[in-house]
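Structural characterization, general
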Amino acid sequence: MTPGREYMIDKGPAAETDNVSGDDHQYHAIIPVDFKASGVLEKNKRWGDGLQQFLEMKHQLAISQMSNVTNYMSNFHYFKRYINGKGIFGVSGTLGGQADQEFLARHYKTRSYAIPAHRHSKLIELPVIQVSAGNNLWIQRICETACTVAERGQVVLVICEDVKTANELQTKMENQTRDPNKITMYTVSGRHNVEKRKFDGGNIIIATNLGGRGTDIKVDDDVNKCGGLFVLLTHFPSNRRVEKQVFGRTARKGNPGMVQMMLCRDHLAPAYQGQSIEVMRHLRERYEVSRIADMEKDELLEIEMKEQLFSTFCQYLGDFERNYTDQEKKDYTKATSRRNPNKFDYQPALNALKECWALWLTVHEEHINRHDDTETLKHDLLLQLQTTGDMLLLGKSDNFYDHVKQAISRTDLHCRNRSKSDCGALSCWEAIVTCHEMYSAVALYNQAFITINLESKDYKSKAKQLLQRAHNLVDVYLSESTNTMVSCNLSVTSDFEPHHKEGTNFQRQMEARLNTFKSWKGYIESAINKLEELDKSNDDAITEESSVYTLSEQTDYITKNELEALYDYGLGIVFEVKKKPKFCIDALICFILGVIQIVAGILVCALSFGTATQFGLGLISEGVSDIISGIKGMIEGSFSWAEWAISKSISIGMSLLSAGFSAIKSVYSTAKGLITGTKTFASVADDIINSGKHVFKSLKGTAQKAVSGTLSETMKKMASSTALKQNFMHATKYACQEIGKQAVTTALNYAVDVGVQKLFHSCLQDVFKRTVSSAMKSNSALDQGLTKVVCFGVPKAVLQKETPDFKIDKKNEEEIKGLVESGLAIEDLVSGYTTAHEVIDKLSTVSHTAAGILNQKGIVKGISLATELAEYTTRFVEILQTIPTSAIINDKFVPTFLETMEDIKPYDHDGRHNLPDVQRLKTDLLNNIVERVAKAFTDACAQHMASFSTRELKKHVNSATGKAVSNVLGRYETQRFFDDQHHKHNMKAAASTEGKPLSEKERIELQDYVENISNEKRPATAVDLYVLTKSGLLDGKGIRFTVVDKKGKKLSEEYYPGTKDGGGDITLQLTKEPLKTKKKGILSWTRSLKKRVFGERHPYTGHFDIVQSDGSITAVESNNQNCLYHAIIQATDNGQDNDIRDKATKLRSNVQKEVQSNPNKYSKILKLQKGYEQTCKNTGKYAITGGCKRARDDNNKEQAYEQSIRPMEKSAIAKTYRLGFVGNYKHLKNQRGKRQRTNNGGVDSNRPNNNSPVNSDHVPPKSTFKNALKIIEKDPQKCQNLKEKNPKLYDIIQNAKNDPDGRDLMAMEVLTSHHRQALTTGNSRESQRCRELLCNTAVSGDGEKMIKQSLILAHPMTSQNLREDAGPDLDLGLQRQPANNILSDSDTKHYYKIGNLETVKQYCQLGIIDQNQRDRLLSWVQEDGHLNRKTPEYKECLDTIRRNVDKVEDTAGMAK
């Protein structure tokens, strides 16, 4: 076989897959060429029987794996499948001769017809020339002919038999001073593409049969004028089809063209030599007939036999698949409950059967060639398949490769759950051990991996034995591979030209294979050593696996193929053995301690009622910190009690600091006196003891307050379940919020540390590398040292042999690299400051914390400044030490490195350093040193710079993040609750004792605060309540105070006892709810989230109520921030509005006078309250921002309503149900529900409207506005008229879109029985007519008329009059019987008049009617116009009903 003829060396199909551009020789492969017919490079075709591998070895290419054919489909039978359909149809100009047409007719049932050409052919066929003087003359004649034709303006297409001839022609023409730009090669379709060009005269195209088949070569018009494309065929084709295809390249589409054969007689078959072209064609036709006949008798029969055998195999394969369920076929990992768990998995079993079929086909190839009996072969095949299939179902196979595939899948399944089961992988690998050393080593290695993972008895010893056996086998394989490489290199002579002169693919392949196995051997040795170490220390082992592709850092194509081959052998992973981290009990204990602290803190906060709140919150914070530390310790497997103790010491120290700074200061001054000699040891001891007593007393007092206060207060307040529940709930909420805050902060700190260090690393990497590289390359001492080291491994005999291509032995090269590696003292380049770090970090933590507690003390500022100075100085020195300067390289690194190389024999400068491979290795070593040193400097400097910069960054980030997270979680609300609790406790303790006389300075500081007490715009505080109850301003009465939400749920409860035991109590209830917007949507939600992140709080709205002794609620008229005093006055004295306001102002002034007259009595609570307001900056507890006016208006309406219903006979019923009360529907319904909950002990008894005695009646009905909206939407003119005449009414109608239930519309509280009697309700025909009348009136824009009609139709008595006046009853539901009402007619008229008057006023405020219309309507209602049957509005309503009656009568008459 000749290269350039039967095959070529070119880039294989993998180059296209990897998108390789250029001539990368690593992708070179043996590619068969169809030179006899198409000239195409068959890249996806591979020769069998070892021929492909033989040619690869001949040309020193990478040796590929041998493969077998498992799927068989011939072209002959593929096209026969079309016969079963509509048959084969096609058009061809090169179908062949009569023999070819008869062949197609016999086998494919086709008929052939000759179709006349569309244009007359202008093809000129010149006489055939046979050159008999040898190959060189033949080549010369071809060149001369082509050049002559090209010179006369034509384009020449030279068709060669093979690529070798084409290359010879190209070389010959270029040597004859032919312009290379005028010569175009077309031998490889993917590389040369001539169809995209348009050729002008003088061009020569040299091609193989690739250019003579299906190629459309375009020429310009001038070429056609000179005779067109000239085709020069240089070989005699094997059949007529190829010849016609070549000649068909020219004279296309009516254009002129010329063809000529120029043959070499020596290349022709003996039968053709000396014959004319006609005789040659005749002989070729006879040969073609004979060839087709032989093919039908031999080749086609063999193809038919293979097809039948393959069909037999496919049929068995289908039967075999029934042994597997659909679940087993889809995913073997989910097939857990199988009848035969030992059988091969589905895919490995199919692969095994395919392999069995391929091997059987190879073994019986001779039987097929002899045309043995097909049935006998089928029976033998089925027997072989049946035997193999039965063994596979039992988990057995004679082919070790089947076990490899099964073991790979089972090992993958084992890796998903290592500790439980081997998933059958061990037995699969054991079956492979007795095979080839290569597979045996992989099997032993994988067995060791699984054995370690299972941790069975004595697993470490078993794994060591398995790994040792694998190690020995790898050594054997390495030795054999080395010998193979040497033998192959020796066997390749100069007659076999390598595909690449500078390093062949075969050499690269063997080097990659040896390096890969050495790397794997290193993994095995490391695992053995680690197991021995763990066995001695009696520690458990775990495996940490990585992909087999980590065995080599090289990513080239050949290395990747070698690693893929290892994967196919079963080596899918390599592993390292590491010490199994033990469960950290200490970290678990810390975690449990944290949980205990949190529980204890919650209980302290819940049961102390403010006496030990700060202590409880501190316990919760410390508990959360311990939980996070415990979790980190359990994850990392280590925990330091020393670090924990230091952290706790800081916390305790800060507690002592906050307990008594003056005591610590006293100790400091005492110690200073001892040093200076101003105090004796006895006095020092006394001072220290006194200071200790002071601190102890301070702590003791705090503890006593916490314990005694907790016990006493708890016993008193346990009866108040509300307070206890609230304390417990808020304490639990605080613990959850603290966990969230610290978790986010911890995660953010980690991210900041990693991110900043990576940032500095990326910024410094290139800069440091350039600096280090420049310094080292300019250092002559380092250059001489590396030369000495490299030349030490090169024998002097190399110089005598004068071999310019000398290569350093790979083993010596590895030893030299290891020697240099051992001499790199990189760790000494950067100085360690670990101890200094720890000390400064702890001092910095203490100083920052102390400064936060006592930032006004100068001594703490001094300590903080000193620690910061020490910290910054140390960090700065570290950073300077880690910047790679020339001085550090030349004065520190190079001398240290050269000292380690002193034992090497000096180099005598004999010329070895000039060898190319020595220079190459020295450059590699220098680059490696640069990489290592630059990396060390980069890592150290980045770490120090990150440590230096992240402290301040994390401090600010933690502050901002902690605050934001706390705000999002609502921690400020929880903190405010406990601040209130603690403040309440301190106020009670201060109120129980009288304070000391105030100094002048204190009196001046409190004077402004006291003078502001009488300011009505200032919210009331606890000071006001204490002064009111502790003085005689309330005649000894106490104040009981309850705060509830809008649903009536108790939030807190306080009691301020009076000075007299029997003086009674004032019980007040404050309803508070956040004043929030009701806007919806993403934008509104984003704004709300932003406000929450920044801690913006909603103002509160609500109102005060007085809780009477019988449990009833009385609303309070409030004014501005003086609402608390209004509530107290109204609870103690019933008076008019102005009287209450004046009395509230006077009472507030009396409180101020009481404080001014008894400053010592109230000094403690004044100081506490003032400090609390300055610290918390919280709105007064009893202030209602934004809700005062509404509460006052509601109270005014309530009082006016109560006065108006007094003349009624049953005013109590009207008051209870608020009959005639007017407001928007939503407000009325909420108020009714609230009253019912209060009267029923907090249980909501607001039943549905059809069962409730009271209903809120819309005036007019809500359907009026909805129907009006439909009308104006359909009629733009009515819409415009309404908008111009009554814009406010237009707005109400438009709002029906957003308020279909009428929750914001005007309504009146009426009895349900009256509601049902009104003509505005119900589904009767007259009610529908009445609502239609109101709708039309509303659309007209006449607000006054709409209100009159609404009041008439909504009144139960007027509605009954209308029914009576409408006419006789026609039994069609037109008349309703009056209900049994609980009110008399006079009371009904009275409360409806009250409601109608208020309705008119409300619609005037809404702008539906003006002031004049309001006055007219009020007079109309006062004069009972809504009850008068003679008004125009009444008559119009009556006419509407009568029209409905008339229509019904007509309908009834027609029915009769």
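For the structure given in this document, a descriptive report is provided here. (Residues numbered from 1 in each chain as written. Predicted model: local features only at pLDDT ≥ 70, side-chain atom pairs only at ≥ 80, totals over all residues. Heavy atoms only, no water.)

**Regarding the nonpolar core**
Our working rule: Buried Ala, Val, Leu, Ile, Met, Phe, Trp, Tyr and Cys residues that are joined via side-chain atoms within 4.5 Å together make up what is termed a nonpolar core. Accessibility here uses a 1.4 Å probe with only protein chains present; expressed as a share of the type maximum, an area under 20% marks a residue as buried, one over 50% as exposed, and anything in between as partly exposed. The way it works is that DSSP assigns letters per residue, a run of H or I at least four long becomes a helix, a run of E at least two long becomes a strand, and they are numbered from the N terminus. In what follows, residue pairs with any heavy atoms lying within 4.5 Å of each other are defined as contacts.
Judged by nonpolar contacts, the single largest core of 60 residues is most densely connected at Leu1219, Ile1272, Ile1293, Ile1347, Leu1362, Tyr1391 and Val1400. Ranked by the residues each element gives to this core, the list is headed by helix 51 (residues 1385–1406), at 7 residues. Filtering out sequence-adjacent residues up to four positions away, Leu1219 remains in contact with Tyr1201, Ile1213, Ala1214, Val1254, Glu1309, Val1310, Leu1311, Leu1383 and Tyr1391. One finds Leu444, Tyr445, Ile452 and Ala527 within the second-largest nonpolar core, a separate group that totals 52 residues.

**Structural notes on the sheet that holds strand 20 (residues 1254–1258)**
As a reminder of what qualifies: For two strands to be treated as a pair, DSSP must find at least two bridges joining them. The convention used is that axes are lines fitted to C-alpha atoms, helices contributing only their stretch in contact, and that angles between N-to-C directions extend from 0 to 180 degrees.
One open sheet accounts for 3 strands, arranged 19-21-20; its pairing is antiparallel. Looking at which strands have only one partner, the edges of the open sheet turn out to be strand 19 (1222–1224) and strand 20. The average undirected angle you get between the axes of adjacent strands in this sheet is 40 degrees. Two strands pair when backbone bridges link them, and strand 19 and strand 21 (residues 1306–1311) are joined in this way by 3 bridges, in the antiparallel orientation. Within the sheet, the bridge partner assigned to Val1222 lies in strand 21 and is Met1308. Of the strands in this sheet, strand 19 and strand 21 touch helix 51, which is tilted by about 170 degrees from strand 21.

**Regarding helix 22 (residues 613–636)**
In an α-helix, one turn spans 3.6 residues, which is why side chains three or four residues apart end up on the same side. Note the cut-off: By this rule the span expected of a helix is its residue count minus one, scaled by 1.5 Å.
Taking 1.5 Å of rise per residue, 24 residues should cover 34 Å, and helix 22 covers 35 Å from first to last C-alpha, within 8% of that figure. For helix 22, the complete set of buried residues consists of Thr613, Gly616, Leu617, Ile620, Ser621, Gly623, Val624, Asp626, Ile627, Ile628, Gly630 and Gly633.

**What to know about the packing of helix 27 (residues 780–792) against helix 32 (residues 886–900)**
For clarity, the cut-off: Relative orientations are named as follows: roughly parallel for angles under 35 degrees, roughly antiparallel for angles over 145 degrees, roughly perpendicular for angles from 65 to 115 degrees, and oblique for any other angle. Each crossing gets its handedness from the near helix: less than a right angle anticlockwise from the far helix is left-handed, clockwise is right-handed. Residue type decides the class: Asp, Glu, Lys and Arg count as charged, Ala, Val, Leu, Ile, Met, Phe, Trp, Tyr, Cys and Pro as nonpolar, and the leftover types, Gly among them, as polar.
With their axes 10 Å apart at the nearest point, helix 27 and helix 32 run at an angle of 25 degrees to one another. It follows from the interaxial angle that helix 27 and helix 32 lie roughly parallel. Here helix 27 runs over helix 32; the crossing is left-handed. Mapping the contact onto sequence places Ala781, Leu782, Gly785 and Leu786 in helix 27 and Val894, Phe897 and Leu898 in helix 32. Grouping the amino acids of the contact of helix 27 with helix 32 by side-chain chemistry returns 6 nonpolar, 1 polar and no charged.

**With respect to the pattern of salt bridges**
Applicable threshold: In what follows, salt bridge is the name for a side-chain nitrogen of Lys or Arg lying within 4 Å of a carboxyl oxygen of Asp or Glu.
Per the stated rule, a full pass over the model turns up 36 salt bridges. Here Asp200 and Lys182 are joined by a salt bridge, their closest N and O atoms 3.7 Å apart. Here Asp200 is found in the loop between strand 7 (198–199) and strand 8 (204–207), whereas its partner Lys182 is found in the loop between helix 6 (163–175) and strand 6 (183–186), with 18 residues between them in sequence. Residue Asp200 is classed as partly exposed on the basis of its relative accessible area of 34%. A single network of salt bridges, built from pairs that share partners, joins Asp100, Arg241, Glu288 and Arg291.

**Section: a positive patch on the surface**
Worth spelling out the cut-off: The patches reported here contain residues having more than 30% relative accessible area and no salt bridge. Joining distances are 9 Å for like charges and 5 Å for nonpolar side chains (Val, Leu, Ile, Met, Phe, Trp, Tyr). Surface accessibility follows the Shrake-Rupley procedure with a 1.4 Å probe radius. Residue values consider only the protein chains on display as shielding. Only four residue types enter the tally: Lys and Arg on the positive side, Asp and Glu on the negative side, with His and both chain ends excluded. Note that the charge is assigned to NZ on lysines, CZ on arginines, CG on aspartates and CD on glutamates.
On the surface, Lys1229, Lys1262, Lys1266, Lys1270, Lys1274 and Arg1303 cluster together into a patch of positive charge. It is helix 44 (residues 1262–1274) that provides the largest number of residues to the positive patch, a total of 4 residues. Among the secondary structure elements, Lys1262 is positioned in helix 44.

Read these as spatial facts, not as claims about activity.
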